[in-house]
Amino acid sequence: KAKAKAKAKAKVKAFAADANGDVNANNGDANNANDDCSTPSALEPVHEFAIKIFKTSILVFKDRDKYVSGEHRWRKGYCKSNPRKMVKTWAEKELRNYRRIYAAGIRCPRPVLLKGHVLIMEFLGQEGWPSPRIRDANLTERRLREAYVQTLSIMRRMFQRCKLVHGDLSEYNLLWHDGVVYVIDVSQSVESDHPSALDFLRKDCANVNDYFRRAGGLDVMTTRQLFEFVTSTVFGDTEAEESRALDSIMAHVDAGVRQSAEQTESDLRADLHREAVDEAVFMSQFLPRSLNQLAEHEIAQIEDGDVEETYAHAVAALTGNEEVVDAVARKSGREDIRSNVHTLITASLNETNDATAGDEADESRCGSDEDEGGDDSSSDGDEDGGYVKRAMTPEEAQAAREAKRAGRKANKKAVKQENAEKRVNKIKKKDKRKAIKKTRGNKKK
């Protein structure tokens, strides 16, 4: 037994040494990614490794299949009956997700190597002691607020840049390392086009809000607000735009807290009950992932405002058209429905654009008349706003599908012609074998 243990330790050391050589040789790949947040330098060598061994005999997750089936990456199928092969698929899934997240500049352990069901990655800690999870870090209220903001940023960047949803995000899968938050355990993460991606995202939003509200007593946004912040396309994924959007949402949250402090006990109880009902409805509401999931009669109901509030907000997020929310607000008589994340961020962006346009107008007045004319045309363009999505008519949708189908046919035809040309110039198998035998004979001589 002692010899076997020593032999196993030697294998692990050699394995880690080979992995360090591999990662240091390929350091430039991840460093070329679009990154505007502080991540460990990809040029630094990995000195300590974490080895994650997936169990092949016992499946910890009894429902792992729902995290893999339906993903485009495994569209050709995988083995469900053999636990060992299933675990290898699970390990490969985590490696792929880690690579995608690390390349996008999101803080996570640097993936190094995968051998079967053994994954080697960067060790987050010092001198063999791992960095604590968020729940074990005993952070102050100020640090918890920083961790909350960083977690929201991680969730949004995973969804927008990596097209991934964590699927099991909580205080157990967030590490506090060197004063910042790192995300771990991404084996169950799914792509944003997964059939259950939005359901997993809603659960992640609820878990994150519940922990920071419970642990630090923070005034957090609602689950729906966090969900809309992560999925919103109204603003970009740069650090400045995300910070501005977060400031506008948290300002709205703080205003709501101040308003609640001035209410009577009965009014406050009624508001809390309504928020709890809205939260429960949102968590159980069907959310369309694309406009193709909307039937014609549902579109008519949306235009009349005869749908649930959360459903209208989901459609508004897909189309960028807030008229559906206005229709629901008019029919229900509730003006607070209009104040969602998209309207808050849009109003903030409009104020910023107006201020920028005003500064440009002031500068143009100092110039010549010709410059003033040019600046007026540009300011008019700024007032028109950016691109706004709209729902396609049935005729436009049919035309788009036909154009897509025609493009696929043309591409298929081109590929067939290319393969036919390759077959004309292809070396026959018998000639290829003869050539290989001749080269082998020359080597023996």
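1. Notes on the sheet that holds strand 1 (residues 49–53)
Strands sit in the order 1-3-2 across an open sheet of three strands; the sheet is antiparallel. Edge positions in the sheet fall to strand 1 and strand 2 (111–115), since each of these pairs with one other strand and no more. Within this sheet the neighbouring strands show an average axis-to-axis angle of 20°, counted without direction. Where strand 1 meets strand 3 (residues 118–122), five bridges bridge the pair, whose relative direction is antiparallel. Each residue of the ladder has a partner; that of Lys52, found in strand 3, is Leu119.

2. Some points on the side chain of Gln225
Along the chain, the position of Gln225 falls in helix 7 (residues 223–231). Assessed through its relative accessible area of 10%, Gln225 is described here as buried. In terms of polar contacts, Gln225 uses its side chain to reach the backbone amide nitrogen of Thr222, at 3.0 Å.

3. A look at the pairing of strand 8 (residues 180–183)
A two-sided burial pattern is seen for strand 8, the buried positions comprising Val180 and Tyr182 on one face and Val181 and Val183 on the other. Pairing analysis gives four bridges linking strand 7 (residues 174–177) to strand 8, with the strands arranged antiparallel. Its bridge partner lying in strand 8, Leu175 is registered against Tyr182. Counting the residues between successive antiparallel strands, the hairpin from strand 7 to strand 8 contains two residues, one of them, Asp178, with a positive phi of roughly 55°.

4. Looking at the confidence of the model for the chain
Should the pLDDT be low somewhere, the predicted coordinates at that spot are not to be read in detail. For the chain, the mean per-residue pLDDT works out to 74, and 59% of the residues sit at or above 70. When pLDDT is averaged over each element of the chain, strand 8 comes out on top at 95 and helix 2 (residues 27–31) at the bottom at 40. Taken as a whole, residues 23–43 scores under 50 in pLDDT and shows 36 contacts with residues more than four places along the chain or in a different chain. Between residues 374–387, whose pLDDT stays under 50, and residues either more than four places distant or in other chains, the model counts three contacts.

5. Here's the deal with the pattern of salt bridges
Opposite charge on two side chains allows them to pair when their charged atoms are near. By the definition in use, this model includes 15 salt bridges. Residue Asp210 pairs with Arg213 through a salt bridge whose shortest N-O separation is 3.1 Å. Remark: Arg213 and Asp210 occur in helix 6 (residues 197–216); sequence separation between them is three residues, near one turn of the helix. The class of Arg213 is partly exposed, set by a relative accessible area of 39%. Salt bridges linked by common partners bring Lys52, Glu94 and Asp185 together as one network.

6. Focus on the packing of aromatic side chains
Tallying each qualifying case throughout the model produces three aromatic pairs. Ring plane angle 25° and centroid distance 5.8 Å describe the contact between Phe229 and Phe235, whose orientation is recorded as stacked. Connected via pairs of aromatic rings, a cluster forms that spans Tyr148, Tyr211 and Phe212. One cation-aromatic arrangement involves Lys93 over Trp90; the distance from NZ or CZ to the ring centre is 5.8 Å. In this structure, Arg156 is placed above the aromatic ring of Phe229, and the distance from its NZ or CZ to the ring centre is 5.8 Å.

7. Digging into the environment of Glu242
Along the chain, the position of Glu242 falls in helix 8 (residues 239–261). As for Glu242 and Ser153, which are separated by 89 residues in sequence, their C-alpha atoms are 7.6 Å apart. Dropping the residues within four chain positions of it, Glu242 is found in contact with Ser153, Arg156, Arg157, Phe229, Phe235, Gly236 and Asp237.

8. Things to note about the packing of helix 6 against helix 9 (residues 265–284)
When two helices pack together, their arrangement is given by the angle between the helix axes and by the axis-to-axis distance. With their axes 9 Å apart at the nearest point, helix 6 and helix 9 run at an angle of 145° to one another. On helix 9, the residues that touch Arg202, Lys203 and Ala206 of helix 6 are Phe282, Met283 and Ser284. Each residue belonging to the contact of helix 6 with helix 9 can be placed in one class, and the counts come to three nonpolar, one polar and two charged.

Cut-offs and rules
Residues numbered from 1 in each chain as written. Predicted model: local features only at pLDDT ≥ 70, side-chain atom pairs only at ≥ 80, totals over all residues. Heavy atoms only, no water. Pairing = 2+ DSSP bridges. Helix = DSSP H or I, 4+ residues; strand = E, 2+ residues; numbered from the N terminus. Axes fitted to C-alpha atoms, helices over the stretch in contact; angles between N-to-C directions. Buried < 20%, exposed > 50% of the residue type's maximum accessible area, 1.4 Å probe, protein only. Polar contact = N/O pair within 3.5 Å; in protein donor to acceptor, adjacent residues only side chain to side chain. pLDDT = per-residue confidence, 0-100. Contact = heavy atoms within 4.5 Å. Salt bridge = Lys/Arg side-chain N within 4 Å of Asp/Glu carboxyl O. Phe/Tyr/Trp six-rings, centres within 6.5 Å; stacked < 30°, edge-to-face > 60°. Lys NZ or Arg CZ within 6 Å of the ring centre and 35° of its normal. Nonpolar A, V, L, I, M, F, W, Y, C, P; charged D, E, K, R; others polar.

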